[in-house]
Amino acid sequence: MRQESVFTKVWRVLTPLATYYILQIIAMIGVSAAFAMRFVSQIDLNGTNIDSVYASLMESVFNSILDISFWCTVFSAVAVIPFLLMFRKKDRKRAAMQGRSVRYTKAGSIAYAIFPLLACAASLAGNNLMLMSGFFQGTQSAAVVSGEIVYSQSLLATIIGVGVIAPAAEEMIFRVVMYDRVREYMRPLYAGLITSALYASLHMGLVQMIYGFLLGAMFAYGYEKTHDWKIPVAMHICLNIMDILVTDTSLFRFMYASRSVMIGITLAACAAVVGLMYLAEMKISSQAVLAEGQESTDGEEADRK
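Residues numbered from 1 in each chain as written. Predicted model: local features only at pLDDT ≥ 70, side-chain atom pairs only at ≥ 80, totals over all residues. Heavy atoms only, no water.

Draft legend 1. Here's a closer look at helix 4 (residues 111-133). With 23 residues, helix 4 should reach 33 Å at 1.5 Å per residue; the first-to-last C-alpha distance of 32 Å fits that figure. Helix 4 sits mainly inside the fold: 17 of its 23 residues count as buried. (Helix = DSSP H or I, 4+ residues; strand = E, 2+ residues; numbered from the N terminus. Expected span 1.5 Å × (residues − 1). Buried < 20%, exposed > 50% of the residue type's maximum accessible area, 1.4 Å probe, protein only.)

Structure, rendered in structure tokens:
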């Protein structure tokens, strides 16, 4: 088999993310144009100064930037999924041709309880710790900073778009495709660190990037532990919905009634993260099983574990 160059490996790993960025640009152009056309249709152009029309148009677009960003996020997430399925199919075919096809035993239904709960606890603990650190003075929750651009629709629309569609697409990108591709060349630890760093790059601000990196590492851990793509997707969906409920509803307002209440809940959430991680490590496992008729490959798979 011909040896791949470093450039080829890097390009292969980054292709899903590059595809997503391109689709985001296309979505931004299309959504912005649609909003602009709607505003133009509402302006009486007869006898109106072109400069005032332009100024009015720019003001309308600027005032709708939250809506534009929301729909750009949703449309690009939906558009990238077919490409990711195609990449996934090609990767499986490539693995079969190279004799690397491996099946894994199921981690069990307990994984669908532990890992989503872990994500919710991590969301609560992480947001509260950032808020208590003083980096977000004047905001009710750190989740406001991460969600202020896209949390601009009704609660139902936000849950569907930002709570379900967007995180599902992101996990397909970073874990199901990119992580598996890095995993071909490196051990799980390095694959998790690299894909988590790339995931963190989507976030704005140093603190949010650190937070994103830690979350990405948690999602990668869940995926590596179970080898089930539905686990990181479920974790990310639960985490985002938790952020939305904290930000857009009054369900968790009691946390901010006093500093002592907030500290107590934060400590409880941190304890839950530690306890759930321990349970995951002790109770959840997924073992590699060679496909029928496949021979061992000189311990290659074991070397990367």
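Back to the text.
Draft legend 2. Main features of unusual backbone geometry. The phi angle at His 227 is positive, at roughly 55 degrees, despite the residue not being glycine. Following the sequence through the fold, His 227 ends up in the loop between helix 8 (206-226) and helix 9 (230-248). On the accessibility criterion, His 227 (24% relative accessible area) is partly exposed.

Draft legend 3. Structural detail: helix 8. With 21 residues, helix 8 should reach 30 Å at 1.5 Å per residue; the first-to-last C-alpha distance of 30 Å fits that figure. Of the residues flanking the end of helix 8, it is His 227, one or two places downstream, whose phi is positive at about 55 degrees.

Draft legend 4. Structural detail: the side chain of Thr 249. Take Thr 249: it is sitting in the loop between helix 9 and helix 10 (259-283). Only 3.4 Å separates the side chain of Thr 249 from the backbone nitrogen of Leu 251, close enough to count as a polar contact. Once residues within four sequence positions are removed from consideration, Thr 249 is found in contact with Leu 155 and Ile 244. (Polar contact = N/O pair within 3.5 Å; in protein donor to acceptor, adjacent residues only side chain to side chain. Contact = heavy atoms within 4.5 Å.)

Draft legend 5. Local environment of the environment of Lys 225. Mapped onto the elements of the fold, Lys 225 is located in helix 8. Assessed through its relative accessible area of 16%, Lys 225 is described here as buried. Along the sequence, Lys 225 and Ser 285 sit 60 residues apart, while their C-alpha atoms lie 6.0 Å from each other. Sequence-distant contacts of Lys 225, defined by excluding residues within four places in its chain, comprise Phe 115, Ala 280, Glu 281, Ile 284, Ser 285 and Ser 286. Reaching out from Lys 225, the side chain makes a polar contact with the backbone oxygen of Ile 284 at a distance of 3.3 Å.

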